[in-house]
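Secondary and tertiary structure notes
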Amino acid sequence: PRIKGLLRKLQDQLEFYFGDSNLLKDRFLKQKISDHPESYVSVDVIASFNRMKSLSSDRNLIIQAINKSQLLELSSDEKWVRRSIPLPSLPEKEIDSRTIYVENLPAGIQHEKLKRLFKPFGTVTYVSLPRHKLSS
């Protein structure tokens, strides 16, 4: 049951990275995708992301999570991952119309808490929190 839960978390995180709402804003990942002629990103690059490392450093589990996903596909050598369906192109205006901005959040608030808080108002697909440096 523990492995199953971890695989689900890895799959959710991978699908978030390659999901519409993240890719429309994530310049780094979009650049990696456009750098490859077949729109693949190295599994090692994805595995190096802090959130992925906090879930698992086991490359085999990451591969399993990719294989379970409907959104993602793995290269035959298992070194590369990409979306299985193309990213829709949305005008900036439409992205902005689906975005809310909230101020004065308590320090240390977590993504999941914000998702739960706003869920009654509609589907929450992307939460971005500023990285505040703690003063010493």
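A brief look at the structure comes next. Worth saying up front: this structure is predicted, and the values here are computed from it rather than measured. (Residues numbered from 1 in each chain as written. Predicted model: local features only at pLDDT ≥ 70, side-chain atom pairs only at ≥ 80, totals over all residues. Heavy atoms only, no water.)

Along the chain, the regular secondary structure elements total eight helices and three strands. N-terminal to C-terminal, the α/β element order of the chain is α-α-α-β-α-α-α-β-β-α-α. Scored against the burial criterion, the 136 residues of the chain give a buried share of 30%. The contacts in the chain between residues at least 6 apart in sequence include a share of 54% that link residues at least 24 apart. Total accessible area on the chain stands at roughly 10,200 Å², and carbon and sulfur atoms take up 51% of it. (Helix = DSSP H or I, 4+ residues; strand = E, 2+ residues; numbered from the N terminus. Buried < 20%, exposed > 50% of the residue type's maximum accessible area, 1.4 Å probe, protein only. Contact = heavy atoms within 4.5 Å. Areas by Shrake-Rupley, 256 points an atom, 1.4 Å probe, with all protein chains shown as cover.)

Scanning the model with the defined rule gives three aromatic pairs in all. Between Phe-16 and Tyr-17, the aromatic rings sit 6.1 Å apart at their centres with planes inclined by 55°, giving tilted as the arrangement. Judged by its relative accessible area of 23%, Phe-16 falls in the partly exposed class. Since its relative accessible area comes to 8%, Tyr-17 is described here as buried. Arranged with centres 5.0 Å apart and planes meeting at 85°, the rings of Tyr-17 and Phe-49 form a pair that is edge-to-face. With Tyr-17 in helix H1 (residues 2-17) and Phe-49 in the loop between helix H4 (43-47) and helix H5 (50-55), the pair connects residues that are 32 residues apart, well separated along the chain. Put simply, the rings of Phe-16, Tyr-17, Phe-28 and Phe-49 pair up and form one aromatic cluster. (Phe/Tyr/Trp six-rings, centres within 6.5 Å; stacked < 30°, edge-to-face > 60°.)

Moving on, we get to the pairing of strand S3 (residues 80-83). By the bridge criterion, two bridges tie strand S1 (residues 41-42) to S3 in an arrangement that is antiparallel. Bridge pairing in S3 places Val-41 opposite Val-81. With three bridges connecting them, strand S2 (residues 72-74) and S3 associate as antiparallel partners. Bridging from a neighbouring strand, Leu-74 pairs with Val-81 of S3. Count of turn residues in the S2/S3 antiparallel hairpin: five residues, of which Glu-78 carries a positive phi of about 60°. (Pairing = 2+ DSSP bridges.)

For Gln-13, the position within the fold is in helix H1. Under the relative-accessibility criterion, Gln-13 is labelled buried at 13%. For Gln-13, the side chain forms a polar contact with the side chain of Arg-51, separated by 3.4 Å. (Polar contact = N/O pair within 3.5 Å; in protein donor to acceptor, adjacent residues only side chain to side chain.)

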